[in-house]
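The primary structure of each chain is shown beneath.
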Amino acid sequence: MLKEARSAADYVAVQVTRERERYAELGKQLRATPPSGIVTVARGSSDHAAGYCAYLTMARLGHIVASLPMSLVTLNRAPLMTKNALAIAISQSGQSPDVVEPIRYFRAGGATTLALVNDATSPLAAAAEWSIPLHAGVETSVAATKSFIASLVAGALLTGHWQDDAAFLHGIDSLPDALRLAADSDWSAAVGALAATDRIMVVGRGIGFPLALEAALKCKETCAIQAEAFSGAEIKHGPMALIDEGYPLLMFATRGPTQAGMVQLADEMRHRGAKVLLAAPADIPQRDLTLPVATTPDLDPIVAIQAFYVMAAQLSAARGMDADKPRHLNKVTKTN
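Given the structure is predicted, the values throughout are model-derived calculations rather than measurements.

Enquirer: Looking at this structure, I do not really get the pairing of strand S6 (residues 199-204). What am I missing?
Expert: Across the six residues of S6, five count as buried, placing the element largely inside the fold. Summarising the sheet, S6 and strand S7 (residues 226-231) pair through six bridges and their orientation is parallel. Each bridged residue has a counterpart across the sheet, and for Met201 the counterpart in S7 is Glu228. Between S6 and its parallel partner S7, the chain crosses via helix H12 (residues 209-223), and the hand of that crossover is right-handed.

This is the structure:
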């Protein structure tokens, strides 16, 4: 896991150049014929990447994006109106029937279908009208790292080319260097703070919320920590009842309009006695962990998760576990 996570920058360097014309062609088509609706189709880490792609699409292009409950197609056989829609599937393996079948369904119904998939020979790649490889290379670790980062980059490339935003695309081109710096971030304070814990809340908001979802999943997968992700806007509702003296909170205060509220929330949680680990950029004095940044705030989650992955592998080892052999899990999961 650690080796693959650290290699992400090299694969992203290939990704941002290899499929440039393909993304540009798709972006031109979407500008010429905007979709009537947009859904994402994904599971697990890929669904978190889909959430990031959806946020960018809504924030930068104004199109409303929904995450498709795949059972509507695979089990309920619901009569969905798919004509002129856009269905975006994200997957590392492209093998699971509940990701492949909806793409076939949407394509047959007249939708534009896009597969952002690491295995270019997979059933998902064959099912979609547009299939664009992630170029993350073979990933053997059960816990997805480099393929997740490549999925985030794919969402950014799709948005940037659809918007035809030269400055944003230039920022994406600089991601390999930013990822290499992020992989050397010192998050040892988090390893020490979490080595003995059995529970944690991971908090983010806005474009940082998919980051919190992914971090919580990796805490479960690689460290056997009961981790839950919440939006900073939701934690003061039901979840607040769980927070008592010493309760651990990992909080992502990424740049942008949600940052000030996240920093304030971290201060409030400290006053409640929580064990707060605030991950924020270097200009935030209250931070406990330094978040690396990209050329623009919209790309910050990509480099932030790189720093987290390295820490998660170190935390797994500190807890006496093997991040490459998580309990009860397999690399490819097939569900209907």
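Enquirer: Explain the packing of helix H8 (residues 146-163) against helix H14 (residues 300-318) to me, please; I cannot follow it from the model alone.
Expert: Helix packing for two helices is described by the angle between their axes and how far apart those axes are. The interhelical angle for the contact between H8 and H14, taken along N-to-C directions, is 175°, at an axis separation of 10 Å. Between H8 and H14, the angle is such that the two are roughly antiparallel. Facing Phe148, Ile149, Leu152 and Val153 of H8, the residues of H14 in contact are Pro301, Ile302, Ile305, Gln306 and Tyr309. Residues of the contact of H8 with H14, tallied by class, amount to eight nonpolar, one polar and no charged.

Enquirer: Explain the sheet that holds strand S4 (residues 112-117) to me, please; I cannot follow it from the model alone.
Expert: Pairing between sheet strands relies on hydrogen bonds along the backbone, with the strands arranged either parallel or antiparallel. One open sheet accounts for five strands, arranged S2-S1-S3-S4-S5; its pairing is parallel. Edge positions in the sheet fall to strand S2 (65-67) and strand S5 (130-133), since each of these pairs with one other strand and no more. Between one strand axis and the next, the sheet turns by 20° as a mean value, whatever way the strands run. As judged from the four bridges shared by strand S1 (residues 38-41) and strand S3 (residues 86-91), these two strands associate in the parallel manner. By the bridge assignment, Val39 is partnered in S3 with Ala87. Along the sheet, helix H3 (residues 20-32) makes contact with S3, S4 and S5, crossing S5 at roughly 145°.

Enquirer: Where do I start with the pattern of salt bridges in this structure?
Expert: A side chain with one charge can pair with a side chain of the opposite charge if their charged atoms come near. Tallied over the entire structure, the rule returns 15 salt bridges. The salt bridge involving Arg180 is made with Asp177; its shortest N-O contact spans 3.2 Å. A residue pair is termed a helical-turn pair when its members lie 3 or 4 positions apart in one helix, as Arg180 and Asp177 do in helix H10 (residues 175-182) at three residues. Residue class for Asp177 comes out exposed when judged on its relative accessible area of 53%. Its salt-bridge partner being Arg255, residue Asp300 comes within 2.6 Å of it at the nearest N-O pair. Here the residue Asp300 occupies a position in helix H14, and Arg255 occupies one in the loop between strand S8 (248-252) and helix H13 (259-271), the gap between them amounting to 45 residues. Several salt bridges share partner residues, and in doing so they unite Asp10, Asp177 and Arg180 into one network.

Enquirer: How should I be thinking about the packing of aromatic side chains in this particular structure?
Expert: The description of two aromatic rings rests on the distance between their centres and on the angle between their planes. In total, this model carries four aromatic pairs according to the counting rule given. Ring plane angle 35° and centroid distance 6.4 Å describe the contact between Trp187 and Phe252, whose orientation is recorded as tilted. Taken together, the residues Trp187 in the loop between H10 and helix H11 (188-194) and Phe252 in strand S8 connect sequence positions 65 residues apart. Judged by relative accessible area, Trp187 falls into the buried class, the value being 2%. Taking the centre distance of 6.3 Å and the plane angle of 55° together, the rings of Phe308 and Tyr309 count as tilted. Given a relative accessible area of 0%, Phe308 falls into the buried group.

Enquirer: It is not clear to me how the environment of Leu213 should be interpreted in this structure. Could you clarify?
Expert: Mapped onto the secondary structure, Leu213 falls in helix H12. For Leu213, a relative accessible area of 29% gives the class partly exposed. With 166 residues separating them in the primary sequence, Leu213 and Asp47 have C-alpha atoms 9.5 Å apart. Setting aside its immediate chain neighbours within four residues, Leu213 contacts His48 and Ala229.

Enquirer: Whenever I open this one, the environment of Ala13 confuses me. Can you help?
Expert: Position of Ala13 among the secondary structure elements: in helix H2 (residues 8-18). Given a relative accessible area of 29%, Ala13 falls into the partly exposed group. Linking Ala13 and Val310, residues 297 residues apart in sequence, is a C-alpha distance of 19 Å.

Enquirer: Would you mind going over the state of the cysteines with me for this structure?
Expert: Chemically, a disulfide is nothing more than a covalent bond linking the sulfur atoms of two cysteines. Evaluation of the coordinates by the stated rule reveals zero disulfides. The cysteine Cys223 is free of any disulfide, with Cys219 supplying the nearest cysteine sulfur at 5.8 Å.

Enquirer: Can you walk me through the pairing of S1 in this structure?
Expert: Consecutive side chains of a regular strand alternate in pointing toward one face of the sheet and then the other. Judged by which residues are buried, S1 turns out to be covered on both faces: Ile38 and Thr40 on one side and Val39 and Val41 on the other are all buried. In the sheet, S1 pairs with S2 via three bridges, with the strands oriented parallel. Bridge pairing in S2 links Thr40 to Ser67. Handedness of the β-α-β unit built from S1, helix H4 (residues 44-61) and S2 comes out right-handed.

Procedures and definitions
- All residue numbers here refer to positions counted from 1 along the written sequence of the relevant chain.
- Note on the predicted model: pLDDT of at least 70 is required for a residue's local features to be given, and 80 or more for side-chain atom pairs to be given and counted; whole-chain, interface and lining totals, by contrast, use all residues.
- Just so you know, side-chain values use all the structure's heavy atoms and leave hydrogens and water out.
- Type-normalised accessible area, obtained with a 1.4 Å probe on protein chains alone, sets the label of each residue: buried when under 20%, exposed when over 50%, and partly exposed for intermediate values.
- Secondary structure elements follow DSSP: runs of H or I no shorter than four residues count as helices, runs of E no shorter than two count as strands, and numbering proceeds from the N terminus.
- What makes two strands pair is DSSP finding at least two bridges between them.
- Handedness of a crossover: with both strands directed away from the viewer, a clockwise path from the first strand across the helix to the second marks it as right-handed.
- The axes are straight lines fitted to the C-alpha atoms, using for helices just the contacting stretch, and the angles between their N-to-C directions are given from 0 to 180°.
- We call two directions roughly parallel when the angle between them is under 35 degrees, roughly antiparallel when it is over 145, roughly perpendicular when it lies between 65 and 115, and oblique otherwise.
- In what follows, residue pairs with any heavy atoms lying within 4.5 Å of each other are defined as contacts.
- Residues are grouped as follows: nonpolar covers Ala, Val, Leu, Ile, Met, Phe, Trp, Tyr, Cys and Pro; charged covers Asp, Glu, Lys and Arg; every other residue, Gly included, is treated as polar.
- We define a salt bridge as a side-chain nitrogen of Lys or Arg found within 4 Å of a carboxyl oxygen belonging to Asp or Glu.
- Centre distance within 6.5 Å is the pairing criterion for rings of Phe, Tyr and Trp, where only the six-membered ring of Trp is used; planes under 30 degrees apart are then read as stacked, over 60 as edge-to-face, and the remainder as tilted.
- Disulfide assignment relies on a single distance test, namely cysteine sulfur atoms paired within 2.5 Å.

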